[in-house]
Every structure is written in structure tokens, then in C-alpha cells.
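Summary of structural features
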Amino acid sequence: VQLQASGGGLVYAGDSLRLSCAVSGHSFGTYVMGWFRQAPGKEREFVAGITRGGKSTNYADSVKGRFTVSRDNNHDTVYLQMNSLKPEDTAVYYCAGDVSPRFPAAQAMGAYDYWGQGTLVTVSS
């Protein structure tokens, strides 16, 4: 199983950006998917998660109301729509897959079995 995150870049405060994570292999629809981020000098933290069928999503308090996670099981892709970006959102963003049928998605890194390589999001003021 391989996860390929994309869509990062340099944006300005208040802008929007959509990240994608394409999953190759098989059984994407059976994975709970999560997005994490790691800012310079900080630990990796949970951002958002979505259950296998997409019916349940959960978010870190810092992004609630601004970020939206979604998935397309027909195209083996999970998305993170990021609106009203702030400089403190600057980080490398990672997607991750969890083979366990958790509901809601786990917020702990250790729950995830597969990780993408990360995509850098830089928000300038």
C-alpha cells in the first residue's frame, strides 16, 4: 500500500488549499484515513480523520470550521480542504491509513498503519 500526498504550496493568510492523498494497492474503502501535520520544531499532530464510508469525520480543535476532510472511495483518494489558512497552519501535512474499523477515526499516530511522504504547506502573512 502506498500513499501519495499532493497539493501543498505557498499561500497567503486567508487563502484556501486542497490537499489530496491517492492510495494505491487495494482495499482503500476499508481504511480509516487521517491527516496529520508537523510544523518545524514541533511534534506531529492530528488534524482530521474520516471513517471508511465517510459518514463520520473528526477534527482537531485548531482547524474545526476551517478544514474539511472527505474521501472518494471510487478513486481511492482522500482530501483535505483547507480554508481561511493561517500562518500557524504552516507544516508538512501527512495522510495516513488505519486498517482497523475505528469509529470515529483515531487521533493517535500509533493507530495508523500506512503513511504518505508528506506535502509542505506554507502560509505567509
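Here's what I pulled together on the structure shown here.

Strands sit in the order 1-3-8-7 across an open sheet of four strands; the sheet is antiparallel. With partners counted over all chains shown, the strands left at the sheet margins are strand 1 (2–6) and strand 7 (67–72), one partner each. Here the strands of the sheet are splayed against their neighbours by 15 degrees on average, with no regard to which way each runs.

Bringing the state of the cysteines into the picture now. This structure, assessed with the given rule, holds one disulfide. Bridging Cys-21 to Cys-95, the disulfide has an S-S length of 2.1 Å. When the S-S torsion is 65 degrees, as for the bridge of Cys-21 with Cys-95, the disulfide is right-handed. One end of the pair, Cys-21, is in strand 3 (residues 17–24); the other, Cys-95, is in strand 9 (residues 91–98), and 74 residues separate them in sequence.

Evaluation of the coordinates by the stated rule reveals five aromatic pairs. Ring geometry for Tyr-31 and Tyr-114: centres 5.8 Å apart, planes at 50 degrees, overall tilted. Placement of Tyr-31 in the loop between strand 3 and strand 4 (32–38) and of Tyr-114 in strand 10 (residues 114–115) is noted, with a sequence separation of 83 residues between them. With relative accessibility at 28%, the residue Tyr-114 sits in the partly exposed group. Three or more aromatic residues link up through ring pairs in this structure, and these residues are Phe-36, Phe-46, Tyr-112 and Trp-115. Above the ring of Tyr-94, the side-chain terminus of Arg-44 is found at 3.6 Å from the ring centroid. Across from the ring centre of Phe-28, 4.5 Å away, lies the NZ or CZ of Arg-71, which sits over that ring.

Let's shift gears to the nonpolar core. Judged by nonpolar contacts, the single largest core of 29 residues is most densely connected at Met-33, Trp-35, Leu-80, Met-82 and Tyr-93. Put simply, the parts of the chain that give this core at least two residues each are strand 1, strand 3, strand 4, strand 5 (45–50), strand 7, strand 8 (77–82), strand 9 and strand 11 (119–124). Considering each element in turn, this core owes the most residues, four residues, to strand 3. Discounting chain neighbours no more than four positions away, the residues touching Leu-80 are Leu-17, Arg-18, Leu-19, Trp-35, Val-47, Ala-48, Phe-67, Thr-68, Val-69 and Tyr-93.

Procedures and definitions
Residues numbered from 1 in each chain as written. Predicted model: local features only at pLDDT ≥ 70, side-chain atom pairs only at ≥ 80, totals over all residues. Heavy atoms only, no water. Pairing = 2+ DSSP bridges. Helix = DSSP H or I, 4+ residues; strand = E, 2+ residues; numbered from the N terminus. Axes fitted to C-alpha atoms, helices over the stretch in contact; angles between N-to-C directions. Disulfide = S-S within 2.5 Å. Phe/Tyr/Trp six-rings, centres within 6.5 Å; stacked < 30°, edge-to-face > 60°. Buried < 20%, exposed > 50% of the residue type's maximum accessible area, 1.4 Å probe, protein only. Lys NZ or Arg CZ within 6 Å of the ring centre and 35° of its normal. Core = buried A, V, L, I, M, F, W, Y, C linked by side-chain atoms within 4.5 Å. Contact = heavy atoms within 4.5 Å.

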